[in-house]
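A closer look at the structure
The residues making up each chain are set out below.
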Amino acid sequence: MTTLNPAVHPLAKKYRSLIWSFLDCDLTRTALFYAERYFYTDTNNHDARHLLATSLLRCGQVHSASNVVMKERGCAGCMEVHAQCCTRLGRYRQAEDTLKLCMSLDRMSIGQCPEIDQVIRPPAAPLFPAPVTGHVRFTDPSPVKPPLVPSIPQKPDSHFFTPITNGPSAPSALLYKPSLDGYLPSFPFQQLDALRHDPTLNGRESLATVDSSFMGDVTFAQQSHGAVPTAGFLSKTNDVRPSHKRTRVQMNTGATVPKPEKKPSRGEGALAVFRRSTRLLGGASKNPVKAPPRERRRTRTRSRSRDPDDMDEDMQPLESTSSTSSAVHSPREFSPGPVLQPPDEGMMAANAILDLVRRFAKIVRALSLYEPQAAIEQILELPQEQTKAPWVSSLVGRARFEMADYVQASRAFEQARNLDPYRMWDMDVYSTVLWHLQKDVSLSFLAQELVSINDSAAQAWIATGNCFSLQKDHSQALTCFKRATQLDPRCAYGYALSGHEAMAMDDQESALQFFRTALKVDARHYPAWYGLGTVYLKQNKLRKAEYHFRKAVEISPSNAVLISCEGTVLEKRGMLEAALERFNRSLALAPTSSYVKWKRVKVLQSLKQYENALKDLLELRDISPDEANVAFTLGKLYRDMKRNVDATKCFTVARDLDPKLSAIVGHLMEEMANE
């Protein structure tokens with residue numbers, strides 16, 4: 001199983017986003033679905049475990065959330081979830097101990113907050129150290145915050161900056177250090193005019209001298225931007241705000257501009273070479289010369305080579321470039337080719353989750369349409385790690401229950417309880433499975449556990465009612481089912497079971513009322529339709545019984561019990577062929593159903609299909625050798641087939657198994673003797 005890192009793995013990040021989004025929208029069941037998918041994708045992921053516990057807690061499954069988080073309490077968040085579970089369960093001392101442990105792990109928790117001076121420490125040294133003489137090289141690698149206001153250079157004798165004493169040839173790595181008394185310096189504005197008209201600047205209004213130590217490498221700035229700031233940086237007044245006008249630096253005749261050697265890269269060609277007119281080099285002027293429009297249109301990274309006839313005769317390059325670098329290059333020559341985009345990991349994760357959701361949607365849809373076989377097939381196509389979830393085991397149990405395969409359904413529900421011992425959902429169906437299997441001990445244990453976990457859950461009272469019903473205590477069972485409907489008025493299953501208990505007590509009017517209430521809650525609740533058909537069958541209202549049984553079969557076409565009930569009504573109405581067809585359909589869905597085989601034997605005997613009836617009876621005898629009715633029916637079948645010796649043996653076995661049949665068996669044996 002691949003471990004998903006919640007910080008970098010796109011699938012984990014997508015799951016986290018979905019879960020928290022649904023929790024924020026109070027869609028707790030949807031959030032629990034994605035949390036369970038996330039957790040069983042990687043059971044070793046602590047983040048997935050924490051999200052699963054949080055979703056269970058928000059869904060009201062307090063015991064399950066505590067069980068999940070208690071297996072691995074590795075973070076303060078999981079301990080907080082456990083403390084909330086203990087609080088809801090009334091275990092306040094345990095919740096207090098858990099919170100204390102949580103605060104000991106989290107130093108910033110309430111009650112363990114450090115002093116403010118420990119969180120926000122004053123600076124050990126001022127941001128701007130005292131002025132020094134000479135040049136100083138930065139040797140401290142620790143980052144220093146920049147000043148709040150950009151510093152403005154002054155004349156060296158103003159002591160605003162301490163210049164490098166080595167002159168213009170000093171390397172650019174040797175920087176000036178500002179000397180400020182505070183964060184916002186007091187700028188001597190009276191020295192601006194002297195700075196502007198200083199004759200030592202050789203008639204230049206620029207603050208950037210040929211010394212590259214202040215602006216770094218002048219030539220690099222020229223190659224990158226085509227110009228450096230000039231005297232236009234300062235206005236003619238005391239306003240020190242920068243001007244939006246950008247001009248070129250006027251070069252001095254005797255000044256030499258240092259330029260680092262830079263190998264032209266591919267696509268650069270003649271890279272923005274600094275050009276000056278010979279007239280400008282001959283004399284100094286205070287007015288900056290505007291660049292021609294052709295120069296202003298040049299880009300930073302690539303300059304197109306110009307024809308010598310189109311060049312200004314007064315403009316001469318300072319450096320001559322190689323012929324290869326000044327060659328004409330077509331823009332298409334350097335256009336990048338088709339780049340293969342890497343797959344979007346976020347989209348791949350979303351598609352993986354969407355595919356998983358689509359599979360589960362098919363399973364739930366099949367169960368909603370009461371197509372259990374299709375649901376089983378879809379469950380088998382799930383990824384192996386997802387089949388270990390308790391919800392998936394419950395889906396298998398429900399599908400097997402709809403197929404009347406109670407043994408397999410019981411195993412599936414037992415596996416779900418092993419994975420989640422405190423699970424409440426679908427346990428009402430599990431209790432009905434145990435009722436059909438006549439497992440009174442297991443059913444009693446299940447009912448007691450569910451009531452101890454949550455006595456306010458309808459599932460617990462339904463399991464208790466089934467336990468009393470199995471013990472033939474129908475009045476107590478009816479009381480438990482009524483309690484379940486009081487706790488959950490939308491529980492249609494509770495109303496249907498109440499109707500069955502009322503019918504067992506021969507209160508048919510109350511049974512009809514319970515079944516009709518169940519249909520008001522859920523019109524597609526087929527047990528209610530089945531219950532109404534059973535009541536009408538007892539009242540010998542065969543047409544109404546057939547109608548309600550048929551409605552139940554339309555809702556759940558794969559239920560063998562419903563189809564056999566419809567066949568029973570048709571048999572009583574004398575429609576033997578139609579009844580036989582219903583029994584055959586029912587046996588095709590549930591081949592091991594003894595009840596349906598027994599009903600089909602009756603129809604086959606009436607249709608005088610003795611060989612087929614004998615085959616079913618022999619199978620039933622092997623299944624239930626101690627059943628007196630099977631032996632008695634087999635004896636009658638042998639008598640009809642004129643096999644008197646075999647009939648006598650079967651009648652004798654039936655009389656031994658049930659002495660009440662002695663009179664009937666004696667009469668039939670006398671008839672065979674007279675024949």
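Notes on the structure follow. Everything numeric in this text was worked out from a predicted model, so none of it was measured.

Reading the values: the criteria
Residues numbered from 1 in each chain as written. Predicted model: local features only at pLDDT ≥ 70, side-chain atom pairs only at ≥ 80, totals over all residues. Heavy atoms only, no water. Core = buried A, V, L, I, M, F, W, Y, C linked by side-chain atoms within 4.5 Å. Buried < 20%, exposed > 50% of the residue type's maximum accessible area, 1.4 Å probe, protein only. Contact = heavy atoms within 4.5 Å. Helix = DSSP H or I, 4+ residues; strand = E, 2+ residues; numbered from the N terminus. Polar contact = N/O pair within 3.5 Å; in protein donor to acceptor, adjacent residues only side chain to side chain. Expected span 1.5 Å × (residues − 1). Axes fitted to C-alpha atoms, helices over the stretch in contact; angles between N-to-C directions. Parallel < 35°, antiparallel > 145°, perpendicular 65-115°, else oblique. Left-handed = near helix turned anticlockwise from the far one by under 90°. Nonpolar A, V, L, I, M, F, W, Y, C, P; charged D, E, K, R; others polar. Salt bridge = Lys/Arg side-chain N within 4 Å of Asp/Glu carboxyl O. Phe/Tyr/Trp six-rings, centres within 6.5 Å; stacked < 30°, edge-to-face > 60°.

Quick look at the nonpolar core now. Counting residues in each nonpolar core, the largest one holds 50 residues, and the members touching the most others are F401, L450 and Y526. When sequence neighbours within four positions are dropped, the list of residues in contact with Y526 reads Y370, F401, E402, A552, I555, S556, N559 and L562. Y34, A65, L356 and L395 belong to the second-largest nonpolar core, a separate cluster that totals 44 residues.

Moving on, we come to unusual backbone geometry. Excluding glycine, residues mostly carry a negative phi; peptide bonds, for their part, are mostly trans. The backbone of Y370 shows a phi angle near 55 degrees, a positive value even though the residue is not glycine. Despite not being glycine, K608 has its phi angle at roughly 60 degrees, a positive value. Looking at where K608 falls in the secondary structure, it is placed in the loop between α26 (594–606) and α27 (610–623). With relative accessibility at 61%, the residue K608 sits in the exposed group.

Turning to its location among the elements, R550 is positioned in helix α23 (residues 542–555). Among the polar contacts listed, one links the side chain of R550 to the side chain of E546, at a separation of 2.4 Å.

Quick look at helix α14 (residues 390–402) now. With 13 residues, α14 should cover 18 Å at 1.5 Å per step; its first-to-last C-alpha distance of 19 Å lies within 8% of that length. Where α14 is buried, its residues meet α2 (28–41), α12 (345–368), α13 (372–380), α15 (406–419), α16 (427–436) and α22 (526–538). Residue A404 follows α14 closely and has a positive phi angle near 60 degrees.

Quick look at the packing of helix α20 (residues 492–504) against helix α21 (residues 508–521) now. Here α20 crosses α21 at 165 degrees, and the two axes come no closer than 8 Å. Judged by the inter-axis angle, α20 sits roughly antiparallel to α21. Here α20 runs over α21; the crossing is left-handed. For the pair formed by α20 and α21, the contact residues are A492, Y495, A496, S498, G499, H500, A502 and M503 on the first element and S510, A511, F514, F515, T517, A518 and V521 on the second. Here the contact of α20 with α21 is composed, by residue class, of ten nonpolar, five polar and no charged.

Next up on the list: the pattern of salt bridges. Under the criterion given, the structure shown has 19 salt bridges. Among the ionic pairs, E566 bridges to R550, the shortest N-O distance being 3.2 Å. With a gap of 16 residues between them, E566 in helix α24 (residues 560–572) and R550 in helix α23 connect regions that are remote in the sequence. Beyond isolated ion pairs, a larger network of salt bridges with shared partners links E546, R550, E566, R573, E581 and R582.

This structure, assessed with the given rule, holds twelve aromatic pairs. Here F33 and F360 contribute two aromatic rings whose centre-to-centre distance is 5.6 Å and whose plane-to-plane angle is 85 degrees, an arrangement assigned as edge-to-face. With F33 in helix α2 and F360 in helix α12, this residue pair connects regions lying 327 residues apart in the sequence. For the pair shown, F33 and F360 are each scored as buried. Between F33 and W391, the ring centres sit 5.9 Å apart and the planes meet at 90 degrees, which makes this aromatic pair edge-to-face. On the criterion of sequence distance, the pair formed by F33 in helix α2 and W391 in helix α14 is long-range, its members being 358 residues apart. F33 gets classed as buried once you look at its relative accessible area, which sits at 17%. Through a chain of ring-to-ring contacts, three or more aromatic side chains come together here, namely F22, F33, Y34, F360 and W391.

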